[in-house]
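# A closer look at the structure
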Amino acid sequence: MANDYKRIFKDGLWDNNVVLAQMLALCPLLAVTGTATNGLGMGLATTFVMVISALVVALFRKIITNEVRIPVFILLIATVVTLVDMFMNAYLHQLHKVLGLFIPLIVTNCAILGRAESFASKNDVRAAMADGLAMGGGFTFALVLLGAVREMIGSGTLFANASLLLGDLFSFMELTLIPDYRGFLLMILPPGGFLVLGFILAGKRILDRRAAARAERKALEEAMREADDEVAATA
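Note that the structure is a prediction, hence the values are computed from the model and not measured.

Calculation notes
- Residues numbered from 1 in each chain as written.
- Predicted model: local features only at pLDDT ≥ 70, side-chain atom pairs only at ≥ 80, totals over all residues.
- Heavy atoms only, no water.
- Patch = residues over 30% accessible without salt bridge, like charges linked within 9 Å, V, L, I, M, F, W, Y side chains within 5 Å.
- Areas by Shrake-Rupley, 256 points an atom, 1.4 Å probe, with all protein chains shown as cover.
- Salt bridge = Lys/Arg side-chain N within 4 Å of Asp/Glu carboxyl O.
- Lys, Arg positive; Asp, Glu negative; His and termini not counted.
- Charge placed at Lys NZ, Arg CZ, Asp CG, Glu CD.
- Helix = DSSP H or I, 4+ residues; strand = E, 2+ residues; numbered from the N terminus.
- Phe/Tyr/Trp six-rings, centres within 6.5 Å; stacked < 30°, edge-to-face > 60°.
- Lys NZ or Arg CZ within 6 Å of the ring centre and 35° of its normal.
- Buried < 20%, exposed > 50% of the residue type's maximum accessible area, 1.4 Å probe, protein only.
- Core = buried A, V, L, I, M, F, W, Y, C linked by side-chain atoms within 4.5 Å.
- Contact = heavy atoms within 4.5 Å.
- Disulfide = S-S within 2.5 Å.
- Arc of directions from axis to C-beta.
- Polar contact = N/O pair within 3.5 Å; in protein donor to acceptor, adjacent residues only side chain to side chain.

In this section: a negative patch on the surface. A cluster of acidic residues, E221, E222, E226, D228, D229 and E230, forms a negative patch at the surface. Structurally, the position occupied by E221 is in helix α10 (residues 190-234).

Another point: the packing of aromatic side chains. Counted under the stated rule, the structure contains one aromatic pair. With 5.0 Å between their ring centres and 40 degrees between their planes, F87 and Y91 make a pair best called tilted. Taken together, the residues F87 and Y91, both in helix α4 (residues 69-91) and four residues apart, mark about one turn of the helix. The ring centre of W14 lies 5.0 Å from the NZ or CZ of K204, which sits over that ring.

What follows covers unusual backbone geometry. Most peptide bonds take the trans configuration, and most residues that are not glycine carry a negative phi. Residue M23 is not a glycine yet carries a positive backbone phi of 60 degrees. Structurally, M23 is set in the loop between α1 (2-15) and α2 (26-32). Take M23: its relative accessible area is 34%, and that puts it in the partly exposed class.

Attention now goes to the pattern of salt bridges. Enumeration according to the criterion identifies five salt bridges in this entry. Between E117 and R69 there is a salt bridge; the shortest N-O distance is 3.0 Å. Here E117, found in helix α6 (residues 110-118), pairs with R69, found in helix α4; they are 48 residues apart in sequence, far enough to count as distant. Classification of E117 as partly exposed rests on a relative accessible area of 22%. With a shortest N-O distance of 2.7 Å, D208 and K204 are connected by a salt bridge. Of this pair, D208 and K204 both sit in helix α10, separated by four residues, roughly a single helical turn. Take D208: its relative accessible area is 26%, and that puts it in the partly exposed class.

With 42 residues, the main nonpolar core has V19, V49, I106 and F159 as its most contacted residues. With seven residues, helix α7 (residues 125-155) is the largest single contributor of residues to this core. Aside from chain neighbours lying at most four places away, what touches I106 is M42, A45, T46, V49, V81 and I112. Counting residues in hydrophobic clusters, the runner-up holds eight residues, among them I64, F73, A116 and A120.

Attention shifts here to the state of the cysteines. One way to say it: the disulfide is the covalent bond shared by the sulfur atoms of two cysteines. Considering all chains together, one arrives at zero disulfides under this definition. The closest cysteine sulfur to the non-disulfide-bonded C27 is located on C110, 11 Å from its own sulfur. Classification of C110 as partly exposed rests on a relative accessible area of 42%.

Among all positions in α6, only A111, I112, R115 and A116 are buried. Along the axis of α6, the buried residues cluster in a sector spanning 135 degrees; they form a single face. Of the surrounding elements, those touching the buried residues of α6 are α3 (36-59), α4 and α7. Capping of α6 at its N-terminal end is provided by N109; its side-chain oxygen lies 3.0 Å from the backbone amide nitrogen of A111.

Its location among the elements puts R205 in helix α10. Assessed through its relative accessible area of 37%, R205 is described here as partly exposed. Each C-alpha atom of the pair R205 and A21 lies 9.3 Å from the other, and the pair is 184 residues apart in sequence.

Printed below as a string of C-alpha cells:
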C-alpha cells in the first residue's frame, strides 16, 4: 500500500506531471503566472478542486452509470469550482480579481476531468484523494516554478504582494532580490511565459534522461555482480 501511494505521488509530482509531462492546462498556466503569487493562488484553488472532485467521484463511483458518467463528473466539478470561486471572492478578493475568469474556467481543465474518469472512478476514496492531491501538487509546482522564474527575471522580486493577495500570513514570502531593478518586461508578457516554459520542459527532459541512464547503469552493475556471484558459487 505504501508503495502504491509513493507511485501515485511520484507520478503526480514528476513522472506524469499535468504540465511538464502531459502538457495540459497550458492556458491558465501561461496566463496567470506573471508572478509566483498568482501561480500559487491558482494552483491551490485547482488542487482543492481536484481533491474534492476526486473524493466525490470515488464515493459515488458505483452509483454513477457509464452512460451518464461524463455529464455527472462535469456537474460535480462545476459545483466544486463554483464554491471555490465564491469563497475566493469573499475571503481572497484581491487574488480573485487578479485571477478573474480563470477561476470559473477551472471547470474546463481537462486534467481534472481526465483524472476523475481514469483514476477516481476506478479506485477507492483514499487513493482517489491521494491522486488528486498529487496531481494538484504537481500542477501547483509547475505554476509556481514558472511564475517565480518570470517574476525574478522580469521584476527582480519573488512572491510580490503575497500578503495582499493571499493574506497577512503569507507576508514572510515577499522578497526583493534586486533593489532598484528596472526589470525585463518580456518575461512578464505572454511571450516570456512560452520561453520559460520551453526551458523548463527541456530541463525536465535532461533530468529524466540522466535518471534513466543512472538506473540502466545500476541495473547493469547488479546483473554483472549477480553473474560474478554465480560463477564464484560454481567454481
